[in-house]
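This is what each chain is made of:
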Amino acid sequence: MIEHVVLRVIAKLLAPFIVLFALYVQFHGDFGPGGGFQAGVIFASAFILYALIYGVENARQIAPPAVAQAAIGLGVLIYAGTGVASMLLGGKYLDYSLLAHDAGHGQHYGILIVEFGVGVTVAAVMITVFFTFAGRRGVLEAREDVATTEDDEDR
Amino acid sequence: MGEHLPILQVILPLIAAPVCLLVRHAATCWLIATLVSWFCLAIAILLLLQVLDGGAIRYQLGNWVAPWGIEYVVDRLNGFILVIVAAIGAVVAPYALRSVESELPERQIGLFYVMYLLCLAGLLGITITGDAFNVFVFLEISSLSSYALISMGRHRKALHAAYQYLVMGTIGATFFLIGVGLLYMMTGTLNMADLAEQLKPLAGSRIVHAAFGFIVVGMGLKLAVFPLHLWLPNAYAHAPSAVSVFLAGTATKVSLYVVLRFIFTVFGFEFSFVGQPLGPALLVLAVAGIVVCSLVAIYQDNVKRLLAWSSVAQIGYMLLGLSFATTLGLQAGLLHIFNHAIIKAGLFLAMGCVFLRLGSCRLDAIAGVGRQMPWTMMGFLLCGLSLIGVPPTAGFVSKWYLVLAALEKGWWPVAALIVLTSLLAVVYVWKVVEAAWFRDPPGTAGRIGEAPLVMLVPLWIAVGANLWFGLETSGNVDVAKAAAAALMGAVQ
C-alpha cells in the first residue's frame, strides 16, 4: 500500500501518537482504565500499522524478530523478578509493600513495574504473532523456498 | 526459605521458561530444565513431608489475606499429586535430551524446553492453588503449552492431533470457567475454602447445580472421561516421545485432582453424592470406559496409540474408585493415580527408546526388537505386567484395593469386572510382547543397538518404582489413605 500517498503520510503521522497513547495507557493504568495488556496491544498496533503500509520487511528492520522474541521472555522476567525481589526483601512473593520506604509507595512502584512487564510481553507477542502470520516465512521458520515470492507480495 | 516453598514450587519453572527463551541454546536449555525439574521434585517431597507431619500449609501471594487474595494451600491430597507430577517431570527431563534431539529440528529444541517448563509450572500451579480462578489460569498455561508440545511431533498428523486437543481442551476450559463464574455470581468469592463455606446454605440452588455440572463436565473433557476422550489417543500417539511420557504421567491426573477438589472440598460430599446421582453416573461411565477402551486398545497396530487407549481405560479405574463414594474406594482411586502415572510413564519411556532406534512404534516395525534392545523391552514387559496387575508390581496393589473397595460395598459384579478387564490388558500387552520377542525382524531392518544410557536410566527408574511400590506399599498406600480420609473426613 506504499503507493498511496495519503495512507503513507497518515501512517507516519499517526505512529508516534499511537506509541505515546500506549505509554499513557501503560503508566496511567494504576489510576484510571488501562494497564499492561491494553497498552501492549496499542503499542504493537503502531508497528502493525507501519507494517501494513510500508511492508513487513521494513517493519522487521525496526522491530527485529529476535528482539521481539527476547522481549517476550524479558517481560515475564520483569514481572516474576519483582515478585522475587519482594521475597528477597523478606516478604511474601509479590508483596509490593516492601519495595519502597513505605507500603503505599511500595504498592505503587510494584504495580507499575509489574504492569510494565506485562506491557512488554503483550506488545512483543502481538508483534511476533503479526510477523509470523503476515510474513508466512515464520520468524521461527526460515523457509528459503517460498521467501522470495512472498517478499514481493509484501511490497 | 522454608516458608516460601509453596510459591517456589510454581515460580521456579515459570521463571526458568523465559530464561530458556532468552538463552535458546539447546544444551543449556536442557540443563536448566533438568535442574529445575529436580529442584521441583525436592520441593514437592519437602512439602509432602511437612503436611504429613502437621496440618495444611498456606501461602498468601502478595501478603493479601485469604478470601480476597490468592492463596496456595498444600494438604495431604495435593501434596501427594505434586510429588507425582514433579517426579514424572524429574524423570522425563534428563530423558528428553537424546529423545528430543532426534525427533525435533535443531531450532525448535530450545523452544521445546520453554514449553515443557511452562507445562510443568501450569500443572504444579493447578495442583497447589487454593483459588478457583487461579486453577483456570494455570489450566490455560499447561494446556496451551501442551498443545504446542504435541504439535512438535515429527509426523504432520501431530498438527491435527494438537488442533483436535486444542478445540476439545478449550471447550473443557470454557465449561470450567462458566462453572467458576456461576459460583462467583452466587457467592462473591473465588477462594476454595471460602466457597465451601458460602455454598453450604445454597445447596438447593439450581445455579449451583448448573455450576457443578459445568465444572465436572469441563474437567471431564480435560480428564478424558470415557465419552469425552476422543482427543487423547491422537494426542499421545503423535506427540514427541518425551511429551507422551510427560502428559501420560501428569495431565489427566491433575485434571482428576481438580475434579476431586471440587467434588469434595468445594461442593462437599453431601451435595455431590447424596444430593445428586454422581456416584452411579461415574460408575456407568467408568465401567463403559474400561470395557470399550480396553477392547479398542487390543485392535491398535501402533503401540503408542495402544497405550493411549489403555490410558483412557485406566482413567476408568480411577473414576471407579471415586464412584464407590467410600474412603476405601477413594484411597484405591488415588493409589491408582500414582501407580498408573509410573506405569504409563514407564511404558511410554520404553516406546520412546524404541522410536529413537526405529523411528516407528508400529507393531510390524518393532518385530524382533526384543532381541536387539533387551533392556528396553524388558522394562516394557515389567511395566506391562504392572499395567495388567500381576502381583509383585505397583499395578497389582491398586487393583487389589479397588477389588477390596468393590467387595466392601458388596458389588460382586464390579469386582469381577475389574479382574476380567485386567485380562483384556493381558491381551494388548501380550500383542506388543509377542511382536517384540517372538517375531522375526522385518528383512529390511539392519542391526540396531540398545538405547543410550541417558534414556535407559530414566526407564529403569520407572521400572524400579513399579517393583518398589509393588513390594513396599506402606509409603504410597498410607499417603493415599491419609488423603482419602482427609477428603471424606472434611465433609462428613
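Everything numeric here is computed off the predicted structure, so don't read it as measured data. (Residues numbered from 1 in each chain as written. Chains lettered and ligands numbered in written order. Predicted model: local features only at pLDDT ≥ 70, side-chain atom pairs only at ≥ 80, totals over all residues.)

1. A short note on the overall build of chain B
Rules: Helix numbers and strand numbers start at the N terminus; a helix is a DSSP run of H or I with at least 4 residues, a strand a run of E with at least 2. To assign burial, the other C-beta atoms lying within 10 Å of each residue's own C-beta are counted, with C-beta atoms placed from the backbone; 20 or more indicates buried, 12 or fewer indicates exposed, and intermediate counts indicate partly exposed. In this description, any two residues whose backbone-derived C-beta atoms lie within 7 Å of each other are considered to be in contact.
Tallying secondary structure elements over chain B gives 20 helices and 2 strands in all. Projecting the C-alpha coordinates of chain B onto the three principal axes gives extents of approximately 70 × 55 × 40 Å. In chain B, which comprises 492 residues, the share counted as buried stands at 61%. Within chain B, residue pairs in contact and separated by at least 24 positions form 79% of the contacts whose partners lie at least 6 positions apart.

2. Brief notes about the overall build of chain A
When helices and strands are tallied, chain A shows 6 helices and 0 strands. Traced from its N-terminal end to its C-terminal end, chain A shows the element sequence α-α-α-α-α-α. Counting every position in chain A, which comprises 155 residues, the buried fraction comes to 39%. Summarising the internal contacts of chain A: among those between residues at least 6 apart in sequence, 61% fall at separations of at least 24.

3. With respect to the interface of chain B and chain A
We apply this condition: Polar here means any residue other than Ala, Val, Leu, Ile, Met, Phe, Trp, Tyr, Cys and Pro, which are nonpolar, and Asp, Glu, Lys and Arg, which are charged; Gly is therefore polar.
Of the residues lining the interface, 13 residues belong to chain B; the matching set on chain A comes to 17 residues. Per-element tally for the side of chain B that touches chain A: the top contributor is helix H1 (residues 5-23) of chain B, with 7 residues. Residues that form the side of chain B that touches chain A fall into these classes: 8 nonpolar, 4 polar and 1 charged.

4. Observations concerning helix H9 (residues 231-238) of chain B
For H9 of chain B, the tally of buried residues reaches 8 of 8 residues, placing the bulk of the element in the interior. For H9 of chain B, the secondary structure elements touched by its buried residues are helix H5 (132-151), helix H6 (157-187), helix H10 (241-267) and helix H13 (303-323) of chain B.

5. Overview of the packing of helix H17 (residues 394-409) of chain B against helix H19 (residues 453-471) of chain B
All names here are of chain B. Where we set the bar: Axes here mean lines fitted to C-alpha atoms, for a helix over just the part in contact, with angles spanning 0 to 180 degrees between N-to-C directions. We call two directions roughly parallel when the angle between them is under 35 degrees, roughly antiparallel when it is over 145, roughly perpendicular when it lies between 65 and 115, and oblique otherwise.
One way to put it is that H17 packs onto H19 with a least axis distance of 6 Å and a crossing angle of 45°. Here H19 runs oblique to H17, going by the angle between their axes. Within the contact between the two elements, H17 uses Ala394, Phe396 and Val397 and H19 uses Asn466, Phe469 and Gly470. In terms of residue class, the contact of H17 with H19 is made up of 4 nonpolar, 2 polar and no charged.

6. Concerning the environment of Val74 of chain B
All names here are of chain B. Residue position: Val74 is located in strand S2 (residues 71-74). Measuring from C-alpha to C-alpha, the distance between Val74 and Gly130 comes to 8.3 Å, with 56 residues separating the pair along the chain. Not counting the four nearest positions on each side in its chain, Val74 is found in contact with Pro6, Leu47, Val51, Ala56, Ile57, Gly79 and Ile128.

7. Quick word on the pairing of S2 of chain B
Residues and elements named next belong to chain B. Condition: Two strands qualify as a pair provided that DSSP identifies no fewer than 2 bridges between them.
Side chains of S2 alternate between two faces, with Glu71 and Val73 and Tyr72 and Val74 buried alike. Of the strand pairs in this sheet, strand S1 (residues 57-60) and S2 are connected by 4 bridges, and their pairing is antiparallel. Bridged to Gln60 within S2 is Glu71.

8. Considering the confidence of the model for chain A
Quick note on the threshold: A residue's pLDDT is the predictor's confidence in that residue, given on a scale from 0 to 100.
This prediction gives chain A a mean pLDDT of 83; 87% of its residues lie at or above 70. Considering only residues more than four positions removed or in separate chains, one finds that residues 138-155 of chain A, a stretch of pLDDT under 50, has 20 contacts.

9. Re the packing of helix H2 (residues 26-53) of chain B against helix H4 (residues 106-128) of chain B
Residues and elements named next belong to chain B. Stated precisely, the cut-off is as follows: Should the near helix be turned anticlockwise from the far one by less than a right angle, the crossing is termed left-handed; should it be turned clockwise, right-handed.
Taken N-terminus to C-terminus, the directions of H2 and H4 make an angle of 15°; their axes are 8 Å apart at the nearest point. With respect to their mutual orientation, H2 and H4 come out roughly parallel. When you trace H2 past H4, the crossing you get is left-handed. Within the contact between the two elements, H2 uses Ala26, Cys29, Trp30, Ala33, Val36, Ser37 and Cys40 and H4 uses Glu106, Ile109, Gly110, Tyr113, Tyr116, Leu117, Leu120 and Leu124.

10. Details of the nonpolar core
Residues and elements named next belong to chain B. Heads up, the condition is: Structurally, a nonpolar core is described as a collection of buried Ala, Val, Leu, Ile, Met, Phe, Trp, Tyr and Cys residues joined by way of C-beta atoms within 7 Å.
Ranked by size, the top nonpolar core spans 250 residues in total, and within it Ala33 and Leu117 carry the most contacts. Top element by residues in this core is helix H14 (residues 327-358). It accounts for 20 residues. Filtering out sequence-adjacent residues up to four positions away, Leu117 remains in contact with Pro13, Ala16, Ala17, Cys20, Ala33 and Val36.

11. Quick notes on the environment of Gln107 of chain A
All names here are of chain A. Along the polypeptide, Gln107 turns up in helix H5 (residues 103-135). Between the C-alpha atoms of Gln107 and Asp95, which are 12 residues apart in sequence, the distance is 7.9 Å. Other than its neighbours up to four places away in sequence, Gln107 contacts Tyr96 and Ser97.

12. Things to note about the confidence of the model for chain B
Averaged over chain B, the pLDDT score is 91; the fraction of residues at 70 or greater is 98%. Our summary of model confidence lists the complex with pTM equal to 0.92 and ipTM equal to 0.85.

13. Comments concerning unusual backbone geometry
One non-glycine residue, Leu94 of chain A, lies in the positive phi region at around 65°. Among the secondary structure elements, Leu94 of chain A is positioned in the loop between helix H4 (65-88) and H5. Look at Leu94 of chain A and you get buried, because 24 C-beta atoms sit within 10 Å. A positive phi angle, near 60°, is found at Asn63 of chain B, a position not held by glycine. By secondary structure assignment, the location of Asn63 of chain B is in the loop between S1 and S2. By the C-beta count within 10 Å, which is 16 here, Asn63 of chain B ends up partly exposed.

14. A closer look at the environment of Asn476 of chain B
Residue and element names in this part refer to chain B. Inspection of the secondary structure assignment puts Asn476 in helix H20 (residues 474-489). A sequence separation of 141 residues divides Asn476 from Leu335, and the C-alpha atoms of the two residues are 7.1 Å apart. Those residues in contact with Asn476, other than ones at most four positions away along the chain, are Leu335, Phe338 and Phe469.

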